[in-house]
Amino acid sequence: MGPPKTRNRWLFLIPIQLVSFAVIAIMGQTTQNINILFVNEVDNNLANVAVEVALNYVKKNPQLGLSVDMMYVEGNRTDSKDLLQALCSKYGQSLSDNRPPHLLLDTTLTGVSSETVKSFSLALGIPTVSASFGQEGDLRQWRDLTPTKRGYLLQVMPPADMIPQVIRSIIIYMNITNAAILYDNTFVMDHKYKALLQNIPTRHVITSIADDRDRASQIEKLRNLDINNFFVLGSLASIKQVLESAKNEYFERNFAWHVITQEQKDLTCNVENATIMFLRPMSDSSSKDRLGSIRTTYNLKQEPQITGFFYFDLTLRALIAIKNILQSGSWPSNMKYITCEDYDGTNTPNHTIDLKTAFIEVTEPTTFGPFEIPKGGKIPFNGNTYMKFDMDINAVSIRGGASVNTRSLGTWEANLYAPINVANEAEIKNLTADVVYRVYTVVQAPFIMRDPAAPKGFKGYCIDLLNKIAEIVEFDYEIREVEDGKFGNMNENGEWNGIVRKLIDKQADIGLGSMSVMAERETVIDFTVPYYDLVGISIMMQLPSTPSSLFKFLTVLETNVWLCILAAYFFTSFLMWIFDRYSPYSYQNNREKYKNDDEKREFNIKECLWFCMTSLTPQGGGEAPKNLSGRLVAATWWLFGFIIIASYTANLAAFLTVSRLDTPVESLDDLSKQYKILYAPLNGSSAMTYFQRMADIEAKFYEIWKEMSLNDSLTAVERSKLAVWDYPVSDKYTKMWQAMLEAGLPNSLEEAVQRIRNSTSASGFAFLGDATDIRYQVLTNCDLQMVGEEFSRKPYAIAVQQGSPLKDQFNNAILMLLNRRELEKLKEQWWKNDDVQNKCEKPDDQSDGISIQNIGGVFIVIFVGIGMACITLLFEFWYYKYRNNAKVIDVVESSEQQQQQHGGPIVKNIRPAGKIIKQDSLKDTTKGQNYQTLRTRTLMPNLSKFQPRF
C-alpha cells in the first residue's frame, strides 16, 4: 500500500516491472529483487516524491539490475501507537507473504514517530537506513548499539539538520554575544537547543516562528530580552513574513539579520531599508549536469531542491547497497525474522549484515552533493554522515521593498564544525550588529543632566564614567530617561518600578545614575563594584541671611539709651560751665593765682562741650577744672563714660557673635526635636526608604516589647525586670516619618529646592537627600546650605540585569579607572571645577572678623566729620573776611602807665582791616631811649574791648 497521493502510481508500476524484467532477461543481465519497507511522516511530501522518482529512475535504468517491491507506512509525529500498529501489521503481512523486507527506509524527521521506527527496527533486527534529524547522541534508541547492529542500523543526517550549523560558525567568526534563532517547520531544532551553541559564550534563544497574529509581538519580546542578532531559518515565504513583521528600527545599525534557507531562489521582502545576510545552498559543480537531467527527465523540481535530491540519492544508494550485498552472497541464507507478537524484549535476531560497508562502497554518482562518510572506525557512522554541499553567503541590500544590491561575502562548506570562508572581510564586518546597550537613567545633577548639545542628549558625571567604560569594553549605548523618574522601589505586592522594573523586564541593559546599592534590589538585579563610595543622607536648608547695616554698631544700644547718653553729655557740659563760672576757685576768677601755671584753661561753654566729648576717647579731655566742684563733675563724667564704653564694647562683640550663630538646626536630632521647620525626603528615593523602614523597625520593636511585657507566662520577678518608667524603645523615626507624610514628599529635586526657597521664618522647610545631590545644589546655589553630618551611608553602583555578563566586564573597567585615578578626576571636575558653580560670597563665620557691611558706618562718621570740618573752615573764612569790618592796629608796647612815666602821648596807627602799618621804632626824646615797636595784628571792632578787667 503506497502513500495516499502515490498509491495508484505504485500499482501502475507493476506491469512496468514485468516489462523491465523481460528487457533485462533479453539482455542477459541479472535483476535483483529487493523488498523495502518505506516509513514516512505526515506532511513530509517531498520525501514521498523523491522516493517515487528514485524508484522510477531504477526502473528506467535497467543497467542498475534492480527490481524494487515497496511497502509504505505513514505515521504522525506525535502518535506512536497507531504508527507501531501499522508497522507491525505491514511487517507481519510481508512475512506471511514470504516477502520479508530487505531494507527499512526511514524518512521520519523527529519526535515519537522517528523513535517508534528506530525502536521497531532495533527490536526486530531489520536493516535500516534513516534520514532522521540528530547526531548520534540524539538518537536515543540507537544510542548504545553493538558493533554488529551498527553495521545495519544506519542514519544519514538530512541537509536541514546540517544547515543550522552555519549559525555556530557565523557566531564564532563575528563574535556575537546574543542571538535569537527563529525557525519554521522546514527545520527541526528540538535536538539543537543545547548542542548548537555548546561551549560558546553567546546568550541565545531558539524558538519557532509564531503565527501571523503573534509574530510582531514575538520579535518585540525577543528584543526586550536584549537580543539584537536575529537568525531566521525557514522557507523564503517564512523569512519574508518575519522580516515584514519587524519594526523599521530593528534594521538599524545596532541590529543584524541573518536569513538562512534551503531554497535557491532570491530573497524578497517589503522592508523599507535593510541590509541582510542571506545564505542558501549551492549544488556541487561536478554534479550540475546530472542534477539538470534528473530535474527535467524525472520532474523532480519541488523546493527545497537540496532536500529532494538528498532523499533521491539516499534511496538510490541504499537500494544499490542492498543489491550489492545480495549479489555478493553476504546476505545471510538463514535470515531469521520475528513478528511483533513474537518479540519479548530479549529475542532480537542476531544479524551480521554489513550494510554500512556496502553503503560506503557504492559508486553511483550523486545528484546534488557527495555523501560525507567518516573514515575508519573511530568516528561513528550515525550522527556524522551527511551530504556535502556549500552555502553561498551574500549581503542583500533592500530599499523600498526591493532588492537593489547583492554582494558575495563568502561560502560555508557543510560540516558540523567548519568555519565560514570569508571572501570580503570588510563587508561582512559591516553586517555585524554594533554592540549598543539600552541605558535607562534618572536625571539628577551632577550625575545625569539633560544637554541637547551633547552627543547622547545628556551630560554629567555618570555620562563621562560610562564613556570611559565604553572605551575599555568597546560598546555603544542609547540612553533614555525612565518614565516614572524612579530608581526603583518595591511595593507591598513585591512589584518594582523605575529602573529596576526595566532591568527585570529585560527592557534595559544598564541602569545609570546615583543609584544606591540596596539589599532588596540585589535580589532581582546585579550591581557592579561601587564607582562612588559611601554616600550618606544629609540635610539641605535655606542659608540664613544675616541682616547687615553700615550703622550696626549703633543698634547695640537702644534709641532711648543713646538719647539719655546725649542728654547726660549736654547736662554735664552745662554743669561744668556753671561751676567754673561761679566758683571762686576757678581759673577765670583767679587769674593772678594761676598766672604762672603752664596750662591756663577757661571753661566756657565751648570748652565744656569739648572736654566732655574728648573725655570719652582714649586721648582724654585735657586740663581739668581748677575748682574742686568742677573736678567732681569731671570725675563723675569719667566714671559714667568708662561704664558706658565698657558696656558698649562688650555688647557690640556679643551682638555680632550671636547674629552669626543663629542656626536653628545643626543635626538630624535637632530636626526631629522641633516642629517649626517641616522636612521630607524625595518621594521614592533611597532616603524615603530609609526613614520608612526605620519607622517600621521601631514599630516592630515596640510590638516585641509589648508582647514581652504583657506575656502572662512570665513570673512576677521576670515581669518586674521589664517594668520601667521610661519608654524603652525609641520612637524617633516613627515621629519623623509621620511628620514627613504630613509635610508632603516632593516628587522632584527641583520641587524640593523651590519649597526651601519659599520658606519663611514662621515655617521653614528642610530637605533630606543624598549628600552628593545636596552638595551640588549648595555648590550651584548661593542661598542653600548643607547642615549636619551624613548618616546611613551606602555606595553608588551601576545596575545591570541579573546574571548579565556586563557585570564582570564593567567591574574590570571600573577597577582599571580607579587604579588610574580617573574617578577622582571626574569628582574634581563635577564638584569643584564645574562651569555652573556660583561664585558665592563667603558667609560670616565665627572665626572671621567683623565685616565692612556691619562696621562701615564708622568710616562714614569720619567722612562726615571731615566734611563738617571743611564746611566750618569755609564758614570761618567767610565770616572773617566778609561779615566783620575788622581793623588792624599796630600797638606799640606801651601802656598808659608808660605814657605817664615818660610823659609822652600814646601812638596809635589806625588802618582799615587787612592793611598793616609798620613802625620800626619810636624814640623817646626825653630819655634818649629807643623802644622796639610791638608788632601786633589785632582785630579791633571796638577799642573798648582792650580795657582790662579786674
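Residues numbered from 1 in each chain as written. Predicted model: local features only at pLDDT ≥ 70, side-chain atom pairs only at ≥ 80, totals over all residues. Heavy atoms only, no water.

Naming follows an unreviewed UniProt entry, where the chain appears as Ionotropic glutamate receptor C-terminal domain-containing protein of Anopheles epiroticus. Quoted verbatim from the Subcellular location (unreviewed entry) field of the UniProt record, the comment on the chain reads "Cell membrane". (UniProt positions renumbered as here; feature names shortened; annotations may be inferred.)

To continue, consider the overall build of the chain. Along the backbone of the chain there are 29 helices and 30 strands. For the chain, buried positions account for 46% of its 950 residues. Contacts in the chain between residues at least 24 apart in sequence constitute 72% of all its contacts with a sequence separation of at least 6. Just so you have it, the chain exposes about 49700 Å², and 53% of that area is on carbon and sulfur atoms. (Helix = DSSP H or I, 4+ residues; strand = E, 2+ residues; numbered from the N terminus. Buried < 20%, exposed > 50% of the residue type's maximum accessible area, 1.4 Å probe, protein only. Contact = heavy atoms within 4.5 Å. Areas by Shrake-Rupley, 256 points an atom, 1.4 Å probe, with all protein chains shown as cover.)

The geometry of a pair of packed helices is captured by two quantities: the angle between their axes and the separation between those axes. Orientation of helix H8 (residues 215-224) relative to helix H9 (residues 236-245), taken along the N-to-C sense of each, is 65°, at an axis distance of 9 Å. Taken together, the axis directions place H8 and H9 in an arrangement best described as roughly perpendicular. Seen along the crossing, H8 lies across H9 with a hand that is right-handed. Contact residues: Arg215, Ala216 and Ile219 in H8; Gln241, Val242 and Ser245 in H9. Partitioning the contact of H8 with H9 into residue classes produces three nonpolar, two polar and one charged. (Axes fitted to C-alpha atoms, helices over the stretch in contact; angles between N-to-C directions. Parallel < 35°, antiparallel > 145°, perpendicular 65-115°, else oblique. Left-handed = near helix turned anticlockwise from the far one by under 90°. Nonpolar A, V, L, I, M, F, W, Y, C, P; charged D, E, K, R; others polar.)

What follows deals with helix H11 (residues 305-328). In this model, H11 (24 residues) spans 34 Å end to end at C-alpha, consistent with the 34 Å of a helix rising 1.5 Å per residue. Two residues or fewer after H11 comes glycine 329, characterised by a positive phi angle close to 80°. (Expected span 1.5 Å × (residues − 1).)

Another point: the sheet that holds strand E9 (residues 256-260). Ordered in space as E7-E6-E8-E9-E10-E13-E14-E15, the eight strands form an open sheet in which the pairing is mixed. A strand with exactly one partner marks an edge of an open sheet, and here the two such strands are strand E7 (203-208) and strand E15 (420-422). Strand-to-strand twist of the sheet, defined as the mean angle between neighbouring strand axes without regard to direction, takes the value 25°. Relative to strand E8 (residues 229-233), strand E6 (residues 178-183) is paired through four bridges, and the arrangement is parallel. Within E8, the residue paired with tyrosine 183 across the bridge is leucine 233. Contacting E6, E8, E9, strand E10 (273-282), strand E14 (402-413) and E15, helix H7 (residues 165-174) runs over the sheet at an angle of about 50° to E15. (Pairing = 2+ DSSP bridges.)

In spatial order, the strands read E19-E16-E20-E26-E21; together these five strands make up an open sheet with mixed pairing. Every interior strand has two partners, whereas the edge strands, strand E19 (476-481) and strand E21 (525-527), have only one. When the angles between neighbouring strand axes are averaged without regard to direction, this sheet yields 30°. The sheet contact formed by strand E16 (residues 436-441) and strand E20 (residues 510-512) spans three bridges and is parallel. When the sheet's bridge partners are listed, valine 439 is paired in E20 with isoleucine 510.

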